[in-house]
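# Working through the structure, step by step
Residues per chain, in single letters:
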Amino acid sequence: METAIVPVTMPNTPITHIENGESLGSEVQPNKRKRKKSIVWDYFTEEIVGDGSIRAFCNQCKRSFAYITGSKVAGTSHLKRHIELGICPVSRQRNQQMSDPKTGNAIDGTRKRQRVTYRTENIPFNQENCNHEIAKMIIMHEYPLHIVEHSGFIDFVQTLQPQFNMVSFNTIQGDCVALYLKEKQILLNFINEIPGRVSLALDLWISNQTVGYVFLRGQFIDSEWNLHRCLLNVVTVPSPDSDGALQQAVISCLSDWHLEDRLFTLTLDQSFSNESINESLRALFSVRNPYVLHGQLLIGNCFARVISLLAQEALWAVGETVNKIRDCVKFVKTSDTHEETFFHLKEQLKYSSSKDIFIDDQTKWNTTYDMLLVACELKQVFLCLETSIPDYSIAPSMDDWKQIEILCTYLKLFFDAVSILTTQTCPTASAFYHEVSKVQLELTHASMSNDPSISSLTKPLKEKFDSYWSDCFLALAIGVVMDPRFKMKLVEFSFSRIYGDDAGIWIKIVDDGIHELYLEYTAQEVHPAKMFVEEQNESSIPEENGSIIPKIEHPEEGYLHGLLEEGYLKEGPSEQVACHETPQPEVASREVPSQDPLISVGDGLSDFDVYISEISGSQQTKSELDQYLEESLLLREQDFNILSWWKLNKTKYPILWRMASDIMSIPFSTVNPDSIFDTERKKMNNYNSSLRPVTLEALMCAKDWLQYGVSESWMQL
């Protein structure tokens, strides 16, 4: 426990220390509790909610967490994780801004208050709790399991607590797996409660042993409309290049998490897949989820990897010039004398910029971009360096600098495009369209430039990006249509600039696609109602007043199969339902005696009833989708939260609400934020490769869940 217990003496009043998760004593009034000692209360505020329970609100991001419900106290461990592990988006962004300029490491801004050391003589030693904390430490920081056998670690722990009996390798391995299984059950319960479907993203790691590791991440929206991204499985595959390897990994994941009929989209990376693998997964996807555009929402490319490949292609195209700049930077940074001369020249030329040159890490393309960008800003210093240092004979020419400036223009385009993956923990699907369409438009225009240095650089890039655009534009466009600030208008605007006179063809593809998807969701709503009307006479129970109460049947049992049999779902537009029309359930033509004494059969209004019936039948009721698309766009505001908007509009758009829940969780990237700029495929280290598959999966998944607070999210509901 991080919070020490301080003995407090109060006459005739039993004190219960709620900081340690115990129950609140009946004689203790909330306003008379002792002053809280936990550091978390520097970052949280208690508030009483409607049902009388007390929730803790984060002062930075305003999210609320369970604290006291009735006599149950949730404790403060989940609150500590929210602040200290960087789960709070505001705290994480602040820590990134406070990073050390020399080391690049974030300065922890959550521990500003000095902790007071309290007496611990009365705290009982608990071997089991210590074992649990060591297992959590190993998982969180990726320490080897053999650390419990290292003599230095054993001596250190014995010095801290002589009573502690160091556990064996097998014991700590079992403790780590047990912790994983506990967290997995929490996450499984959490996923079972979400209202919508789950989308999967596949990533493949390699190893020196030529064994592959398929990372399957699930993305979904919970009942409170929070977007989650969790590592679900790490599947070891002996032959990662085989056609069935990824398919078996997906099947294993769906079975493991009970997602056989809840898969929405599948996103993978083209760098490790081929047409055969794609067809294998598409066939699986069509079988597992035939009701979502007939399995068309298989996204065969990772946006981050595509942009990374484009950046590498651009750097390679002018590689000779890039190497010249890199050599110049090395010449300065590897000698104290040269660096001092460079600094003095910079002062003489009166550069106000505080940026300094640095050598890039060629496994991260963004560091190369930053190196070139800073070098371009200081090119006058490099030009003067030749006159100050006789040994400096590698100065780039003015043509070289011009080439680098053009290169940086398009590297900036790529850098800005993937920035949404670095600034948000998990961006919604609607956030991607603008960035992707902007890259497509800029490369299209650049490839037709009259400047040969620009067109020669960008033409190959456009050809590669065209493949990604054609594969993903429908899913991207459907995502942005569900944003009430843009709807179809942004699609129409951007397509007219990208396709010119042919824009109408592509706009129609998007319009037809989203209407077809809407009909599939509508059919799932209509079918139970249709069956209810048809079976009224057989399964209804008459009441005394002549009304009818139907027997309620559970629609889950095979009703999706019934949709196919009754013709609601077919290849192409449905014959039973007009494309832009909401299907109306059949109405039983049974007369019910009027209970109103002022209205009788002979009131002279029977002709009026016939008239209303005729005009109602001739009018086509607009669907939810058409009503939504025809309404005015919302104003674009800086703090607009699209998930909160859809959460509030459930009553107005009950079908679109379910659609939005699934669409907004589509993942367009398969990699973690720390791998967005990688130029090489992820490689499993030799130690992890030596572990048993079940142990490796337990360590990797449990770290993801503890780091991103899956248990914390579950406690909020």
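Since the structure is predicted, the reported quantities are computational estimates derived from the model, not experimental observations.

### Here we look at the overall build of the protein chain
- Across its full length, the protein chain holds 27 helices and 11 strands.
- Taking all contacts inside the protein chain whose residues are at least 6 apart in sequence as the whole, residues at least 24 apart take part in 70%.
- Of the accessible surface of the protein chain, which amounts to about 37400 Å², a share of 51% is contributed by carbon and sulfur atoms.

### What to know about the packing of helix α9 (residues 319-333) against helix α10 (residues 336-348)
- Look at α9 against α10: their axes get within 6 Å of each other, and the N-to-C directions meet at 105°. In terms of orientation, α9 and α10 fall into the roughly perpendicular class. Here F331, V332 and K333 of α9 lie close against α10, whose contacting residues are H338, E339 and F342.
- Residue classes in the contact of α9 with α10 are distributed as 3 nonpolar, 1 polar and 2 charged.

### Some points on unusual backbone geometry
- Positive phi is not limited to glycine here, since W225 has a value of about 65°.
- The exposure class of W225 is buried, given its relative accessible area of 4%.
- If you check the backbone angles, H258 has positive phi at about 60° while not being a glycine.

### Notes on the nonpolar core
- By size, the foremost hydrophobic cluster in this structure holds 108 residues, and its most contacted members are W365, L372, F382, F414 and W646.
- By residue number, the principal contributor to this core is helix α16 (residues 452-481), which donates 15 residues.
- Dropping the residues within four chain positions of it, L372 is found in contact with L315, V322, I325, I404, L407, C408 and L411.
- Counting 63 residues, the second largest nonpolar core, distinct from the first, contains A135, L232, L246 and L259.

### Details of helix α24 (residues 654-663)
- The buried fraction of α24 is high, at 8 of 10 residues.
- Among all positions in α24, only I655, L656, W657, M659, A660, S661, D662 and I663 are buried.

### With respect to the packing of helix α5 (residues 169-192) against helix α26 (residues 693-708)
- The contact between α5 and α26 brings their axes to 9 Å, and the two run at 55°. Here α5 is positioned oblique relative to α26, judged by the angle of their axes. Judged by the twist between their axes, the crossing of α5 over α26 is left-handed. Here α5 contributes Q173, C176, V177, L179, Y180, E183, K184 and L187 to the contact with α26, which in turn contributes T695, E697, A698, L699, C701, A702, W705 and L706.
- Grouping the amino acids of the contact of α5 with α26 by side-chain chemistry returns 11 nonpolar, 2 polar and 3 charged.

### Regarding the environment of H78
- For H78, the position within the fold is in helix α1 (residues 77-84).
- Sequence-wise, H78 and V40 are 38 residues apart; in three dimensions their C-alpha atoms are separated by 9.9 Å.

### Describing the packing of aromatic side chains
- This structure, assessed with the given rule, holds 29 aromatic pairs.
- Ring geometry for F465 against Y468: centres 5.7 Å apart, planes inclined by 45°, an arrangement best described as tilted. One end of the pair, F465, and the other, Y468, are both in helix α16, 3 residues apart, so they sit about a helical turn from each other. For the pair formed by F465 and Y468, the shared burial category is buried.
- Over the ring of Y628 we find K487, and its NZ or CZ is 4.5 Å from the ring centre.
- A cation sits over an aromatic face here: K650 above W657, 4.5 Å from the ring centre.

### Quick look at α10
- With 13 residues, α10 should cover 18 Å at 1.5 Å per step; its first-to-last C-alpha distance of 18 Å lies within 8% of that length.
- Regarding α10, the residues found buried are H338, F342, L345 and K346. Summarising the axial view, the buried residues of α10 lie within an arc of 100°, below the 170-degree limit, and thus occupy one face. Exposed and oriented more than 90 degrees from the buried face of α10 are D336, T337 and Q348.
- If you follow the buried residues of α10, they end up packed against α9 and α12 (379-388).
- Phi turns positive one or two residues past the end of α10, at K350, with a value near 60°.

### Re the confidence of the model for the protein chain
- Residues at a pLDDT of 70 or more form 72% of the protein chain, whose mean pLDDT is 79.
- Note on residues 99-118: pLDDT is under 50 here. Beyond four places in sequence and across chains, it has 31 contacts.
- Here residues 527-601 is modelled with pLDDT under 50, and outside its nearest four sequence neighbours on either side it reaches 74 contacts, counting other chains as well.

### Examining the pattern of salt bridges
- Using the criterion set out here, one finds 22 salt bridges in the structure.
- A salt bridge links E142 to K703, with the nearest nitrogen and oxygen atoms 2.4 Å apart. Taken together, the positions of E142 in the loop between α3 (127-141) and α4 (151-160) and K703 in helix α26 put the pair 561 residues apart, joining distant regions of the chain.
- Between K622 and E630 there is a salt bridge; the shortest N-O distance is 2.7 Å.
- Assessed through its relative accessible area of 45%, K622 is described here as partly exposed.
- Several salt bridges converge on common partners, so that one network encompasses D203, D269 and R305.

### Focus on the pairing of strand β7 (residues 227-237)
- Extensive coverage of β7 is indicated by the burial of 10 of its 11 residues.
- Inspection of the sheet shows strand β6 (residues 212-221) paired to β7 by 10 bridges, in the antiparallel sense. Its bridge partner lying in β7, G212 is registered against V237.

### Focus on the sheet that holds β6
- Pairing in this open sheet of 5 strands is mixed, and the strands run β7-β6-β5-β8-β9 from one edge to the other. Across the chains shown, the open sheet's two edge strands, defined by having one partner strand only, are β7 and β9 (298-299).

### Remarks on the environment of F473
- For F473, the location among the structural elements is in helix α16.
- With relative accessibility at 7%, the residue F473 sits in the buried group.
- For the pair F473 and W506, spaced 33 residues apart in the sequence, the C-alpha separation amounts to 9.6 Å.
- If we ignore the near neighbours within four places in the chain, the residues touching F473 are F495, W506, I509 and V510.

### Overview of the pairing of strand β3 (residues 64-69)
- Relative to β3, strand β2 (residues 54-58) is paired through 4 bridges, and the arrangement is antiparallel. Bridge pairing in β3 links I54 to I68.
- Linking β2 to β3, which pair antiparallel, is a turn of 5 residues; within it K62 sits at a positive phi near 70°.

### A short note on the side chain of S308
- In this structure, S308 sits in helix α8 (residues 303-317).
- Apart from the residues lying within four places of it in its own chain, the contact partners of S308 are W365, I676, F677, D678 and T679.

### Thoughts on a nonpolar patch on the surface
- A contiguous nonpolar surface patch, about 380 Å² in accessible area, is contributed by L605, F608, Y611 and I612.
- The topology assignment puts I612 in helix α21 (residues 606-618).
- Assessed through its relative accessible area of 32%, I612 is described here as partly exposed.

### Things to note about the state of the cysteines
- Taken as a whole and judged by the stated rule, the model has 0 disulfides.
- C230 supplies the cysteine sulfur nearest to C426, a cysteine that is in no disulfide, at a spacing of 8.8 Å.
- Owing to a relative accessible area of 16%, C426 belongs among the buried residues under this scheme.

What counts as what
- Residues numbered from 1 in each chain as written.
- Predicted model: local features only at pLDDT ≥ 70, side-chain atom pairs only at ≥ 80, totals over all residues.
- Heavy atoms only, no water.
- Helix = DSSP H or I, 4+ residues; strand = E, 2+ residues; numbered from the N terminus.
- Contact = heavy atoms within 4.5 Å.
- Areas by Shrake-Rupley, 256 points an atom, 1.4 Å probe, with all protein chains shown as cover.
- Axes fitted to C-alpha atoms, helices over the stretch in contact; angles between N-to-C directions.
- Parallel < 35°, antiparallel > 145°, perpendicular 65-115°, else oblique.
- Nonpolar A, V, L, I, M, F, W, Y, C, P; charged D, E, K, R; others polar.
- Buried < 20%, exposed > 50% of the residue type's maximum accessible area, 1.4 Å probe, protein only.
- Core = buried A, V, L, I, M, F, W, Y, C linked by side-chain atoms within 4.5 Å.
- Left-handed = near helix turned anticlockwise from the far one by under 90°.
- Phe/Tyr/Trp six-rings, centres within 6.5 Å; stacked < 30°, edge-to-face > 60°.
- Lys NZ or Arg CZ within 6 Å of the ring centre and 35° of its normal.
- Expected span 1.5 Å × (residues − 1).
- Arc of directions from axis to C-beta.
- pLDDT = per-residue confidence, 0-100.
- Salt bridge = Lys/Arg side-chain N within 4 Å of Asp/Glu carboxyl O.
- Pairing = 2+ DSSP bridges.
- Patch = residues over 30% accessible without salt bridge, like charges linked within 9 Å, V, L, I, M, F, W, Y side chains within 5 Å.
- Disulfide = S-S within 2.5 Å.

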